[in-house]
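Take a look at the letters that make up each chain.
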Amino acid sequence: MTDQVLCALAALFVRWQQEGESRGSLPLCEFEAGWRSPCELGDPHGGQVAWRPTERSKPEDFTPLEQALELTLHPSIQAFYGHWFSRPLTLWFKGLRLCLIQPWNQQDLDLLKENLIGHLLMQRKLGRTPTLFLASCRDEMGIISLDNDSGEVLFERLDSNRRTVISPDLASFLGRLIP
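Residues numbered from 1 in each chain as written. Predicted model: local features only at pLDDT ≥ 70, side-chain atom pairs only at ≥ 80, totals over all residues. Heavy atoms only, no water.

Caption draft 1: Up close: the overall build of the protein chain. Helices and strands together make up the secondary structure of the protein chain, namely five helices and 11 strands. The C-alpha radius of gyration computed for the protein chain amounts to 16 Å, which stays within 12% of the reference 16 Å derived for 179 residues, consistent with globular compactness. Sorting the 179 residues of the protein chain into buried and exposed places 44% on the buried side. As presented, the protein chain carries roughly 9300 Å² of accessible surface, and 51% of it is formed by carbon and sulfur atoms. Each charge sign in the protein chain was given a centre, from 18 positive and 23 negative side chains, and these centres are 5 Å apart. (Helix = DSSP H or I, 4+ residues; strand = E, 2+ residues; numbered from the N terminus. Rg over C-alpha atoms; globule rule 2.2 N^0.38 Å. Buried < 20%, exposed > 50% of the residue type's maximum accessible area, 1.4 Å probe, protein only. Areas by Shrake-Rupley, 256 points an atom, 1.4 Å probe, with all protein chains shown as cover. Lys, Arg positive; Asp, Glu negative; His and termini not counted. Charge placed at Lys NZ, Arg CZ, Asp CG, Glu CD.)

This is how it looks when you write it as structure tokens:
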């Protein structure tokens, strides 16, 4: 499953980059001297820097997070967050506009892990089964998440216990995203 997620994520990044290049330019983001990323390409100009998703040289180890939570994370989520750096990507899934979350640098990944911990602890407190967020939606109460037990991708309402399966697994979900 991990290899399928990694292949699907790499293919998504290629599709996303090709879509951007078809418009004639690399994506730009605000340059922040204290928030550098291996994704940055060249020097900043006019306060902006070109960038592209970049594969990490070594995958992230989620063992400390799992031990702290006393929870084994689904291998798909470890592949999704642990192998690349990128800005969040605005994409489409069956007419739903979403923002796929990815860490920009190691510090951002550390913050992401803290947010995942908070999300999982809140779910425990509410008596819900564990999910891990993958993307945000325009509606702030809706997120795209991964069911940690089954590996299914869900549309989840944060203000209720409503969860709808939108894909049988993360690799299939990533393969259906449109830049």
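Caption draft 2: How the structure looks around helix α3 (residues 75-82). In terms of burial, α3 is a largely internal element, six of the eight residues being buried. Ser76, Ile77, Ala79, Phe80, Tyr81 and Gly82 are the residues of α3 that are buried.

Caption draft 3: Helix α4 (residues 106-126), seen in detail. For α4, with 21 residues, the first-to-last C-alpha span of 30 Å sits near the 30 Å given by 1.5 Å per residue. Along α4, the residues that are buried comprise Leu109, Leu112, Lys113, Leu116, His119, Leu120 and Gln123. For α4, the arc enclosing every buried residue in end-on projection is 125 degrees, short of the 170-degree limit, so these residues lie on one face. Facing away from the buried side of α4, by more than 90 degrees, are the exposed residues Glu114 and Lys125. For α4, the elements touching its buried residues are α2 (63-69), α3, β8 (131-137), β9 (142-147), β10 (153-157) and β11 (163-167). Following α4 by one or two positions, Gly127 adopts a phi angle in the positive range, close to 75 degrees. (Expected span 1.5 Å × (residues − 1). Arc of directions from axis to C-beta. Contact = heavy atoms within 4.5 Å.)

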